[in-house]
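Chain by chain, the residues:
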Amino acid sequence: MKFTMAGIILFTQNHERCVEFYGSVLDLEILHTIDRPGERLTTFLLGDTYLMVETGGVASLEAKTVEQNPIKFRFNVPDVLATCEVLRSKGVDLNVIDHTWGTTAEFSDPDGNVCALRSDEGFGE
């Protein structure tokens, strides 16, 4: 099989806030937007994949549990702590965790979907 691109579709309740978060806070590039009756979505470039943010999801006021959403978005970055400072300056609350294999920092989007930064160093070892 030959796939030309893979993607993730994220169904959101707070669509506008999630689009703002992934676009302006995480600085993901918008590939396209559709806003017409019965169809509202924004697609972002996410490395070699895409993240499509659609309506129709269920939000949580706190970070969702694994039972509520068994997926975590993880974004590898060259420097977790430096990226944390950038995100904190944009109002994101992060929890930095040091592991034997590297550093992560967890946060959630406006719908409570869990996201994390991960240090590039040591990835895949």
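The rules behind the values
- Residues numbered from 1 in each chain as written.
- Predicted model: local features only at pLDDT ≥ 70, side-chain atom pairs only at ≥ 80, totals over all residues.
- Heavy atoms only, no water.
- Phe/Tyr/Trp six-rings, centres within 6.5 Å; stacked < 30°, edge-to-face > 60°.
- Buried < 20%, exposed > 50% of the residue type's maximum accessible area, 1.4 Å probe, protein only.
- Pairing = 2+ DSSP bridges.
- Helix = DSSP H or I, 4+ residues; strand = E, 2+ residues; numbered from the N terminus.
- Axes fitted to C-alpha atoms, helices over the stretch in contact; angles between N-to-C directions.
- Contact = heavy atoms within 4.5 Å.

Participant: Can you walk me through the packing of aromatic side chains in this structure?
Facilitator: Between two aromatic rings, the relevant description is the distance of the centres plus the angle of the planes. Evaluated as defined, the whole model comprises 4 aromatic pairs. Aromatic side chains F73 and F75 sit 6.5 Å apart centroid to centroid with 25° between the ring planes, which places their arrangement in the stacked category. In terms of burial, F73 and F75 fall into one category: buried. Here the aromatic cluster, defined as three or more aromatic residues joined through ring pairs, consists of F21, Y22, F73, F75 and F107.

Participant: What am I meant to see in the sheet that holds strand β4 (residues 49–55) here?
Facilitator: Paired through backbone hydrogen bonds, the strands of a sheet run either parallel or antiparallel to each other. Taken in spatial order, the 4 strands make up an open sheet running β1-β4-β3-β2, and their pairing is mixed. Because the sheet does not close on itself, it has two edges, and the strands there are β1 (6–12) and β2 (30–36). For this sheet, the mean angle separating the axes of adjacent strands, direction not counted, is 15°. Alignment of β1 against β4, held across 7 bridges, turns out to be parallel. Along β4, the bridge assignment pairs A6 with T49. On the sheet, helix α1 (residues 15–25) packs against β1, β3 (39–46) and β4 and is oriented at approximately 15° with respect to β3.

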